[in-house]
Amino acid sequence: MKDASPAKIYALHIGVIALLFALNFVLPDYHQGLFARIMALAVFAMGYNLLFGYVGLLSLGHAMFFSAGLYGAGLAVYQLGWGVPEAFVAGVACGALLALVIGLLALRTSGVAFMIVTMMFAQVFYLLILYFAAWTGGDQGLVIQQPSRIIAIGGASLDLTNPTVRYMSALALFSVVLLITLVLVRSRFGRVLVAIRENEERTKMLGYDTVANKLVAVVASGAICAASGAAYALLFGYIGSSFASVQYSILPLLWVLLGGAATILGPLIGTLFMYYVTDITSGFTSAYLLIVGVALILLVLFFPKGVLGSVRQRWLGWLP
Amino acid sequence: MPLLTTKGLSRRFGGLRAVDGVDFALMPGEIRAIIGPNGAGKTTFVSLLSGRIRPSSGMIVFDGADITTMPAYKRVRLGVAYTFQITSVFANLTAYDNVALPVQRTLTDGRSKGQVRSGVMAALERTGLADRAGTPAGQLSYGHQRLLEVAMGLALRPRLLILDEPTQGLADSEIDNFVLLVREIAKHATVLLIEHNMPVVMQLADRITVFNSGKILAEGTPEQIRANAEVQDAYLGATHG
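Here is what the cut-offs are and how they apply
Residues numbered from 1 in each chain as written. Chains lettered and ligands numbered in written order. Predicted model: local features only at pLDDT ≥ 70, side-chain atom pairs only at ≥ 80, totals over all residues. Helix = DSSP H or I, 4+ residues; strand = E, 2+ residues; numbered from the N terminus. Rg over C-alpha atoms; globule rule 2.2 N^0.38 Å. Buried ≥ 20, exposed ≤ 12 C-beta atoms within 10 Å, placed from the backbone. Contact = placed C-beta atoms within 7 Å. Nonpolar A, V, L, I, M, F, W, Y, C, P; charged D, E, K, R; others polar. Expected span 1.5 Å × (residues − 1). Domains from an automatic or database assignment. Pairing = 2+ DSSP bridges. Axes fitted to C-alpha atoms, helices over the stretch in contact; angles between N-to-C directions. Core = buried A, V, L, I, M, F, W, Y, C linked by C-beta atoms within 7 Å. Parallel < 35°, antiparallel > 145°, perpendicular 65-115°, else oblique. pLDDT = per-residue confidence, 0-100.

Here the focus is the overall build of chain B. A count of helical and extended segments in chain B gives nine helices and ten strands. Taken against the 2.2 N^0.38 rule, which gives 18 Å for 241 residues, the C-alpha radius of gyration of chain B at 18 Å falls within 12% of a compact globule. Counting the 241 residues in chain B, one finds 45% classified as buried. Within chain B, contacts between residues at least 6 apart in sequence are counted, and of these 67% link residues at least 24 apart.

So, on to the overall build of chain A. If you tally the helices and strands in chain A, you get 14 helices and four strands. Expected size for 320 residues packed as a compact globule is a radius of gyration near 20 Å; at 19 Å, chain A falls within 12% of this value. Principal axes of the C-alpha set define a box for chain A whose edges measure 55 × 45 × 45 Å. When each of the 320 residues of chain A is scored for burial, the buried share is 45%.

In this complex, chain B contributes 21 residues to the contact, which on the side of chain A involves 17 residues. Secondary structure elements with two or more residues in the side of chain B that touches chain A: α2 (72–78) and α3 (95–108) of chain B. At six residues, the largest contribution of residues to the side of chain B that touches chain A is made by α3(B). A class-by-class count of the residues in the side of chain B that touches chain A yields eleven nonpolar, six polar and four charged.

What follows is about helix α5 (residues 142–155) of chain B. Residues and elements named next belong to chain B. The end-to-end C-alpha distance of α5 is 20 Å, a good match for the 20 Å that 14 residues give at a rise of 1.5 Å each. Burial within α5 is extensive, with twelve of its 14 residues counted as buried. Taken residue by residue, α5 has His-144, Gln-145, Arg-146, Leu-147, Leu-148, Glu-149, Val-150, Ala-151, Met-152, Gly-153, Leu-154 and Ala-155 as its buried positions. Those residues of α5 hidden inside the fold are in contact with β6 (80–83), α3, α4 (116–126), β7 (160–164) and α6 (172–185). One or two positions beyond α5, positive phi appears at Arg-157, with a value near 50 degrees.

Looking now at the domain arrangement of chain B. All names here are of chain B. Domain assignment breaks chain B into domain 1 (1–79 + 159–166 + 189–241) and domain 2 (85–157). Inter-centroid distance (C-alpha atoms) of domain 1 to domain 2 is 26 Å. Those elements giving two or more residues to the side of domain 1 that touches domain 2 turn out to be α2 and β7. Of the residues belonging to the side of domain 1 that touches domain 2, the class tally is three nonpolar, two polar and three charged.

Looking now at the sheet that holds strand β5 (residues 65–66) of chain B. Residues and elements named next belong to chain B. Sheet architecture is open: four strands sit in the order β2-β1-β4-β5, paired in antiparallel fashion. Of all strands in the sheet, those with a lone pairing partner are β2 (16–26) and β5, marking the two edges. Alignment of strand β1 (residues 4–13) against β2, held across seven bridges, turns out to be antiparallel. Within β2, the residue paired with Arg-11 across the bridge is Val-19. Contacting β1, β2 and β4 (57–62), helix α1 (residues 42–50) crosses the sheet at an angle of about 60 degrees to β2.

The subject of this paragraph is unusual backbone geometry. All names here are of chain B. Despite not being glycine, Arg-157 shows a phi value in the positive range, around 50 degrees. If you trace the backbone, Arg-157 turns up in the loop between α5 and β7. A positive phi angle is found at Glu-165, which is not glycine, with a value near 50 degrees. Of note, Glu-165 is situated in the loop between β7 and α6.

Looking now at the nonpolar core. With 170 residues, the main nonpolar core has A:Val43, A:Ala226, B:Val99 and B:Ala151 as its most contacted residues. A domain-level breakdown of this core finds at least three residues from each of domain 1 (1–79 + 159–166 + 189–241) and domain 2 (85–157) of chain B. Contact partners of B:Ala151, with chain neighbours within four places excluded, come to B:Val99, B:Ala123, B:Leu124, B:Arg126, B:Thr127 and B:Leu129.

On to the packing of helix α11 (residues 247–259) of chain A against helix α12 (residues 266–284) of chain A. Residues and elements named next belong to chain A. Contact geometry of α11 with α12 gives a least axis separation of 7 Å together with a crossing angle of 110 degrees. Classified by the angle between their axes, α11 and α12 sit roughly perpendicular to one another. Here Leu-254, Trp-255, Val-256, Leu-258 and Gly-259 of α11 lie close against α12, whose contacting residues are Gly-266, Pro-267, Leu-268, Ile-269, Gly-270, Thr-271, Phe-273 and Met-274. A class-by-class count of the residues in the contact of α11 with α12 yields nine nonpolar, four polar and no charged.

Okay, the sheet that holds strand β10 (residues 215–220) of chain B next. Residue and element names in this part refer to chain B. Taken in spatial order, the six strands line up as β6-β7-β8-β3-β9-β10 in an open sheet, and their pairing is mixed. Of all the strands in the sheet, the pair left with one neighbour each is β6 and β10. Geometrically, the sheet is characterised by an average inter-axis angle of 20 degrees between neighbouring strands, direction not taken into account. Relative to strand β8 (residues 190–194), β7 is paired through five bridges, and the arrangement is parallel. If you follow Leu-163 over to β8, its bridge partner there is Leu-193. Relative to the sheet, α1 contacts β3 (31–35), β6, β7, β8 and β9 (207–212), its axis offset from that of β7 by approximately 150 degrees.

Looking now at the confidence of the model for chain B. Residue and element names in this part refer to chain B. Confidence in the prediction of chain B, expressed as mean pLDDT, is 90, and 97% of residues score 70 or more. Here helix α9 (residues 229–236) stands out as the least confident element of chain B, with mean pLDDT 73; β4 is the most confident, with 96. Confidence estimates for the predicted assembly give a pTM of 0.90 and an ipTM of 0.86.

Its 20 residues give helix α5 (residues 112–131) of chain A an end-to-end C-alpha distance of 28 Å, which sits within 8% of 28 Å, the value for a rise of 1.5 Å per residue. Listed in full, the buried residues belonging to α5(A) are A:Val117, A:Thr118, A:Ala122, A:Phe125, A:Tyr126 and A:Ile129.

Residues and elements named next belong to chain B. Burial along β6 is two-sided: Val-80 and Tyr-82 facing one way and Ala-81 and Thr-83 facing the other are all buried. Sheet analysis places β6 next to β7, joined by four bridges and oriented parallel. Each bridged residue has a counterpart across the sheet, and for Val-80 the counterpart in β7 is Leu-160.

Residue and element names in this part refer to chain A. Position of Tyr-288 relative to the elements: it lies in helix α13 (residues 288–302). According to the C-beta neighbour criterion, Tyr-288 is partly exposed, with 16 such atoms within 10 Å. Note: C-alpha distance between Tyr-288 and Leu-253 (35 residues apart in sequence) is 21 Å. If we ignore the near neighbours within four places in the chain, the residues touching Tyr-288 are Thr-278, Thr-281 and Ser-282.

The following block contains the structure:
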């Protein structure tokens, strides 16, 4: 039976959040920092998964949405002297607006053409960052200093350079996005998105404006990826053009495929897995990419639908 | 007043006139069958009505409104539902989710009230699929997939339900149930069906329209069509030879 009680589903996901919360107090310093980074980037993967996993739209340009958030928030702080909360909102707004414009243009295509069009737009975005190096810092990037990364709340202040504050901020963003995507894919809208992935023509003949639904999904995906980028800039204090390069468009695809496309927790698992395999193997040898490659091949052989995708197929049919 | 009329409706594919200047009218509440030899333009004609393809020329009026250039999804919201000739249920989704899609559409449009779940189960019960709600549609038997297709059409609360060869691939026992189902549907909706199974057509249809080479060859009650010599030549075969 595919039906699971909503209580069970929410209990699982809140349990994961609670586990991550507890880890803050257990993890050694180095891993605490790594986990904060992984959670911030898992948000990027979740945003990507919303479009790729659930709607079936393969974009090769999501680095532009991530870096729209990164630069939107980072430059607001660095160049305009904005506070952290306003800068975060600005970053998300930049990503959402960019996604709206790109969506209107790119959704006129589908399949391979969609991949190419999104990749080209992302390259334009990347080159614009280099072109306007006077403001963006170009390929050197910019470092946001500690004083700019303190949030003043009433009398108290939150220093985002403090490891625990940073960890908890990343966890807060991760949790909010996790629950939003969970509610979203279980909603009526989520059902329509999956229907579009399975058979767009048929979905139209059930009375759905599929282009409008896809556009909403692109904007939601872009905004989530931008939130990840904005958080990354504010938590780790560095913005650079490498985050807009094609590598950062492919990474979320890889994380999502590893963890399991169209699963809610898959993006976290994929991001976690990739980070730790790279981290552990690079400790042993300089040829760590070779070992990463072998690990990926084994994973694809034994978990063709990603870790959680295969788990769902074999054992836990109720996983959202 | 007719529910649906077409005037000079045509569709060309290159040099082929698949539908050629068709004037057609459908009265509310009737069951109309469209018959004709393969390649007569039947499926193209109903695809024009549903909006899946655009006409080359001509006009379509539904319930007094010109819908000639209206996109398909908007026609569905007006109450024009189309079930596919080739079964195209969502194979990876459960029967429940397949029917939930049209049910939530009518809820959003305000054309029905209540919960998604009760609407879905009602449609599944009417088609006898309620005990298979949790089964992925792709794992249902072919006959059940056809029924699921009908359940999805029904759940759209159509005013005009277009069925493209609904009994194709069904067993005889399933066909009897199907005839009962269509009569049931026709109490609330107008039904237009393309059908090759002549006993089904003769049992169900109030009127029959015969297509040949993209044009209407004849139209009338089942008795009139059975007696029409031209139709017999074109389609029914040499029954008078």
